[in-house]
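Below, each chain spelled out in residue letters.
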Amino acid sequence: MADLIKLCKAEDVAPGQSFQVDADGMPALAVYNLEGEYFVSNNMCTHGMAWLTDGYVEGDEVECPFHGGRFSIRTGEPTAFPCVVPIQTYPVSLVDGFVCIEPAA
Ligand code: FES
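Everything numeric in this text was worked out from a predicted model, so none of it was measured.

1. Section: the overall build of the protein chain
The helix and strand inventory of the protein chain stands at zero helices and 11 strands. The burial tally for the protein chain puts 42% of its 105 residues in the buried class. For the protein chain, restricting intrachain contacts to residue pairs at least 6 apart in sequence, the fraction spanning at least 24 positions comes to 38%. Looking at the protein chain as shown, the accessible area adds up to about 5,800 Å², and 51% of this sits on carbon and sulfur atoms. Looking at the protein chain, you have 4 positive and 15 negative side-chain charges, and the mean spots of the two groups are 4 Å apart.

2. Observations concerning the packing of aromatic side chains
Applying the stated rule across the entire model yields zero aromatic pairs. Across from the ring centre of F98, 4.3 Å away, lies the NZ or CZ of K6, which sits over that ring.

3. Here's the deal with the state of the cysteines
Scanning the entire structure with this criterion turns up zero disulfides. Of all cysteine sulfurs in the structure, the one in C45 sits closest to C83, which takes part in no disulfide; the separation is 3.9 Å.

4. Comments concerning the pattern of salt bridges
Here the structure, examined in full by the defined rule, presents five salt bridges. Linking R70 and E58 is a salt bridge whose minimum nitrogen-to-oxygen distance equals 3.5 Å. Of the two residues, R70 is situated in strand β7 (residues 70-72) and E58 in strand β5 (residues 56-58); the sequence distance between them amounts to 12 residues. You can call R70 buried: its relative accessible area is 17%. Between E61 and R70 there is a salt bridge, with the nearest N and O atoms lying 2.9 Å from each other. Connected via shared salt-bridge partners are E58, E61, E63 and R70.

5. What about the sheet that holds strand β4 (residues 37-42)?
An order of β2-β3-β4-β9 is seen for the four strands of this open sheet, with the pairing classed as antiparallel. Two strands in the sheet have a free side with no partner beyond their single neighbour: β2 (18-21) and β9 (89-90).

6. Quick word on the side chain of S18
Here S18 lies in strand β2. What S18 contacts, discounting residues up to four positions off in sequence, is V13, V31, Y32, L52, T53 and V57.

7. Comments concerning the environment of F98
With respect to the helices, strands and loops of the structure, F98 is situated in strand β11 (residues 98-101). For F98, a relative accessible area of 24% puts it in the partly exposed group. Once the C-alpha coordinates of F98 and K6 are considered, the two residues, 92 residues apart in sequence, prove to be 6.3 Å apart.

8. Considering the environment of N33
Its location among the elements puts N33 in strand β3 (residues 29-34). A relative accessible area of 3% means that N33 is categorised as buried. When sequence neighbours within four positions are dropped, the list of residues in contact with N33 reads V13, A14, P15, G16, Q17 and Y38. Within polar-contact distance, the side chain of N33 engages the backbone nitrogen of G36 at 2.7 Å.

The rules behind these values
Residues numbered from 1 in each chain as written. Predicted model: local features only at pLDDT ≥ 70, side-chain atom pairs only at ≥ 80, totals over all residues. Heavy atoms only, no water. Helix = DSSP H or I, 4+ residues; strand = E, 2+ residues; numbered from the N terminus. Buried < 20%, exposed > 50% of the residue type's maximum accessible area, 1.4 Å probe, protein only. Contact = heavy atoms within 4.5 Å. Areas by Shrake-Rupley, 256 points an atom, 1.4 Å probe, with all protein chains shown as cover. Lys, Arg positive; Asp, Glu negative; His and termini not counted. Charge placed at Lys NZ, Arg CZ, Asp CG, Glu CD. Phe/Tyr/Trp six-rings, centres within 6.5 Å; stacked < 30°, edge-to-face > 60°. Lys NZ or Arg CZ within 6 Å of the ring centre and 35° of its normal. Disulfide = S-S within 2.5 Å. Salt bridge = Lys/Arg side-chain N within 4 Å of Asp/Glu carboxyl O. Pairing = 2+ DSSP bridges. Polar contact = N/O pair within 3.5 Å; in protein donor to acceptor, adjacent residues only side chain to side chain.

Shown next as structure tokens:
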């Protein structure tokens, strides 16, 4: 198994919030805490040049701050126009209190 990439401490991401992380060799990432369940996606909206971590987490969706498009945090699928292209999501592991993902293939 490839070495995991440590993104941040789980405690850095408050429940119902997102947190931007930069990791070597990866695009800018967003870490989300949905009531103790952690998810990671690319942070750049697929509709334009906006960081999803500047937007709003509502339930299990994130709303882009630019045009109000939305994505499922769990699957990356777009859930509200004008977003139609999914955001990349990554399987998450919690290791010793750190949110981790596998390197991109
Ligand atoms: S840039 Fe995100 S909805 Fe347009």
